[in-house]
Protein chains: 2
Amino acid sequence: MPNKYKTESEFLTHYNAADFDRPSVTADILIFSVSSAVGENWRRANKKSFSVLLVRRDDWPDLGKWNLPGGFVGIRETAIRAARRILDNETGVKDNVYLEQLYTFDAIARDPRMRVISIAYMALIDKSRLHHAAAPNARWFDARLQSGKLILQSGDLTLKESDLAFDHAEIIKTGILRLRNKIEYTDIAFDMMPREFTLGELQQVYEAILGRALPTAAFRRTIAGKVAATGKTQVGFGHRPSMLFRRKK
Amino acid sequence: MPNKYKTESEFLTHYNAADFDRPSVTADILIFSVSSAVGENWRRANKKSFSVLLVRRDDWPDLGKWNLPGGFVGIRETAIRAARRILDNETGVKDNVYLEQLYTFDAIARDPRMRVISIAYMALIDKSRLHHAAAPNARWFDARLQSGKLILQSGDLTLKESDLAFDHAEIIKTGILRLRNKIEYTDIAFDMMPREFTLGELQQVYEAILGRALPTAAFRRTIAGKVAATGKTQVGFGHRPSMLFRRKK
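Residues numbered from 1 in each chain as written. Chains lettered and ligands numbered in written order. Predicted model: local features only at pLDDT ≥ 70, side-chain atom pairs only at ≥ 80, totals over all residues. Heavy atoms only, no water.

### Some remarks on the pairing of strand β8 (residues 149–154) of chain B
Residue and element names in this part refer to chain B.
For step 1, the next point in the chain: Summarising the sheet, strand β7 (residues 138–146) and β8 pair through 5 bridges and their orientation is antiparallel. When the bridges of β8 are listed, Q146 appears paired with K149.
For step 2, the next point in the chain: Here β7 folds back onto β8 in antiparallel fashion, the turn holding 2 residues, of which S147 has a positive phi close to 50 degrees.
For step 3, the next point in the chain: Bridge count between β8 and strand β9 (residues 157–159): 3 bridges; the pairing is antiparallel. Considered in β9, the bridge of S154 is made with L157.
For step 4, the next point in the chain: Linking two consecutive strands that pair antiparallel, namely β8 and β9, is a turn of 2 residues; a positive phi of about 60 degrees is found at G155 within it. (Pairing = 2+ DSSP bridges. Helix = DSSP H or I, 4+ residues; strand = E, 2+ residues; numbered from the N terminus.)

### Some thoughts on the relation of the copies chain A and chain B
For step 1, the next point in the chain: For the pair chain A and chain B, the relating rotation is 180 degrees, the translation along its axis is 0.0 Å, and the fit reaches an RMSD of 0.0 Å. Classification of the inter-copy transformation places it as that of a two-fold axis. Distance from the rotation axis, computed per C-alpha, reaches its smallest value in chain A at A:R22: 3.2 Å.
For step 2, the next point in the chain: Looking at chain A, 100% of its interface residues are interface residues in chain B too, so the copies touch through the same face. (Least-squares fit on C-alpha atoms with pLDDT ≥ 70 in both. Contact = heavy atoms within 4.5 Å.)

### Brief notes about the nonpolar core
For step 1, the next point in the chain: Membership of the largest hydrophobic core comes to 45 residues, with the highest contact counts inside it found for A:I29 and B:I29.
For step 2, the next point in the chain: Beyond its immediate chain neighbours, meaning those up to four positions away, B:I29 contacts B:L68, B:P69, B:A83, B:I86, B:L87, B:L99, B:Y121 and B:A123. (Core = buried A, V, L, I, M, F, W, Y, C linked by side-chain atoms within 4.5 Å. Buried < 20%, exposed > 50% of the residue type's maximum accessible area, 1.4 Å probe, protein only.)

### Notes on the pairing of β7(B)
For step 1, the next point in the chain: Alignment of strand β2 (residues 48–56) of chain B against β7(B), held across 5 bridges, turns out to be antiparallel. Bridge pairing in β7(B) places B:L53 opposite B:W140.

### Concerning the packing of helix α3 (residues 168–185) of chain B against helix α4 (residues 199–210) of chain B
Residue and element names in this part refer to chain B.
For step 1, the next point in the chain: Contact geometry of α3 with α4 gives a least axis separation of 9 Å together with a crossing angle of 145 degrees. Where α3 approaches α4, its residues L179, R180, I183 and E184 are matched on the opposing element by Y206, I209 and L210.
For step 2, the next point in the chain: Classifying every residue of the contact of α3 with α4 by side-chain character gives 5 nonpolar, no polar and 2 charged. (Axes fitted to C-alpha atoms, helices over the stretch in contact; angles between N-to-C directions. Nonpolar A, V, L, I, M, F, W, Y, C, P; charged D, E, K, R; others polar.)

### Quick word on the confidence of the model for chain A
Residue and element names in this part refer to chain A.
For step 1, the next point in the chain: For chain A, the mean per-residue pLDDT works out to 88, and 90% of the residues sit at or above 70.
For step 2, the next point in the chain: Mean pLDDT across the elements of chain A bottoms out in helix α1 (residues 8–14) (82) and peaks in strand β5 (residues 98–105) (97).
For step 3, the next point in the chain: In the model, residues 38–45 has pLDDT below 50 throughout and makes 11 contacts with residues more than four positions away in sequence or in other chains.
For step 4, the next point in the chain: Across the assembled chains, the prediction reports ipTM 0.87 with pTM 0.89. (pLDDT = per-residue confidence, 0-100.)

### A few points about the layout of surface pockets
For step 1, the next point in the chain: Quantified by volume, the largest pocket comes out at close to 840 Å³.
For step 2, the next point in the chain: Those elements that place two or more of their residues in the lining of the largest pocket are β1 (24–36), β2 (48–56), β4 (70–72), α2 (79–91) and β6 (116–126) of chain A together with α1 (8–14) of chain B.
For step 3, the next point in the chain: Classifying every residue of the lining of the largest pocket gives 13 nonpolar, 11 polar and 12 charged. (1 Å grid on protein atoms, 1.4 Å probe; cavity = no way out; pocket = protein on both sides within 12 Å on 5 of 7 lines; lining within 4 Å. Points joined across faces, edges and corners; volume = space filled by probe spheres on them.)

### Side note on the interface of chain A and chain B
For step 1, the next point in the chain: With 43 residues of chain A at the contact, the number on the chain B side is 43 residues.
For step 2, the next point in the chain: Note on chain A versus chain B: buried area summed over both sides is about 3,900 Å², and carbon and sulfur give 58% of it.
For step 3, the next point in the chain: Of all residues in chain A, the largest losses of buried area upon contact with chain B belong to A:R22, A:W60 and A:I75, amounting jointly to 19% of the total for that side.
For step 4, the next point in the chain: At the boundary of chain A with chain B, the tally comes to 0 salt bridges.
For step 5, the next point in the chain: One can count 17 residue pairs in polar contact (both at pLDDT 80 or more) joining chain A with chain B.
For step 6, the next point in the chain: Listed by contribution, the elements that provide at least two residues to the side of chain A that touches chain B are α1, β1, β5, β6 and α3 (168–185) of chain A.
For step 7, the next point in the chain: Split into classes, the residues belonging to the side of chain A that touches chain B amount to 23 nonpolar, 8 polar and 12 charged. (Buried area = accessible area lost by both parts, 1.4 Å probe. Salt bridge = Lys/Arg side-chain N within 4 Å of Asp/Glu carboxyl O. Polar contact = N/O pair within 3.5 Å; in protein donor to acceptor, adjacent residues only side chain to side chain.)

### Concerning the pattern of salt bridges
Residue and element names in this part refer to chain A.
For step 1, the next point in the chain: Under the defined criterion, the tally for this structure stands at 22 salt bridges over all chains.
For step 2, the next point in the chain: The partner of R212 in a salt bridge is E184, and the shortest N-O contact between them spans 3.8 Å. With R212 in the loop between α4 (199–210) and α5 (216–223) and E184 in helix α3, this residue pair connects regions lying 28 residues apart in the sequence.
For step 3, the next point in the chain: The class of R212 is partly exposed, set by a relative accessible area of 45%.
For step 4, the next point in the chain: Residue classification places E184 among the exposed residues on the basis of a relative accessible area of 54%.
For step 5, the next point in the chain: If you follow the salt bridges from partner to partner, you end up with E100, R178 and K182 in one network.

Below is the structure:
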């Protein structure tokens, strides 16, 4: 087809985007963190668990189910800016947060209202940076995969995949697998650590994310080049004092 | 806000997606391949280069510039299905092709017409599978990064970043960096190899993607577990016959 217009500005004047059906676009955000879970064994009182922030829906569709924090991307807003806005609303933390685009989810019928494409982001935060508790509708859920299925737990409340709205179980699983993959070859785990930590705590973070125990000697060899001793010690729970380390830049 | 509606179906009946401004969504596809370049030295006649398929725009906007094959995603079509459709149109290859979602690009003004979000895909193909030459408007360009800038070359034609439409130089660079990262820890390079290849050819593919020479002995140790000898040999150009290998499944 030859061009009807002689110049780009003439073309643009006549172009009408509304001639074509367009989808809606949301940003959804996986906010991952590690937290100290109270174990059944007092010696394990500071054991780390791996958790994700979910919000209970108070509107249709999927009223009453749990979903990731998210919202529509403004027509003059980038998706990452929308993700930062939502992250700030939910946690009060906005800056110096590890935030990456995870994946774009676009199954045709993932939202019953209309075609909605979700650009999903993954944020990693150190919980000690949170200035306030989660919003009233929001809760931190410990997350784990059991035979490939997602299990979420917050106090007495246990969620399985069907308790989550839309395709958010799939988004969370995609995020967990990305994170597992990344902690093997990047320093991403340090974004969930406080400034100073013991090597035992760091190992627990790796174990919580990977969902399995790691042999201590091999783990310490792997991370030896990434940490520096602070010279300080921490008194543990029934342990002898542990050396405190920081990330080596 | 309390819910106006008693049931999800009542809510859906009253929901109008057109109440909100929506972006347009395209799928753009990076089709990467390796090809044999004719070198200045006859002993290197089978040297591999790394290339990407580009199409010259014959319409506004950016008329005359080069861009990635792409198109709007249908309102009842997933983005990956759109990517496969475009891949098939451009190359005649559709099945058994490595295809992954690369990243979603959504800078506000990346398209002068309107807000357009591009879900970019990356395909890796072995050029020997192509049944026909590239479409009349399309050409394979050898791609390399020089001081972080993209240089594209096809015969006598050299393109720099400003010769590409939209933000496609950024998309191509993102794809090259993803691919460089992935060939280090996955078997992705084999998707660009014919069924049988010499270890020299395989090394050239790694070198073409990484943009640097690799020490042969170290390279062979790295890939030793991933290849199996076929027992056949190939007569090279002025070389002694080379053993042919295949990917070990």
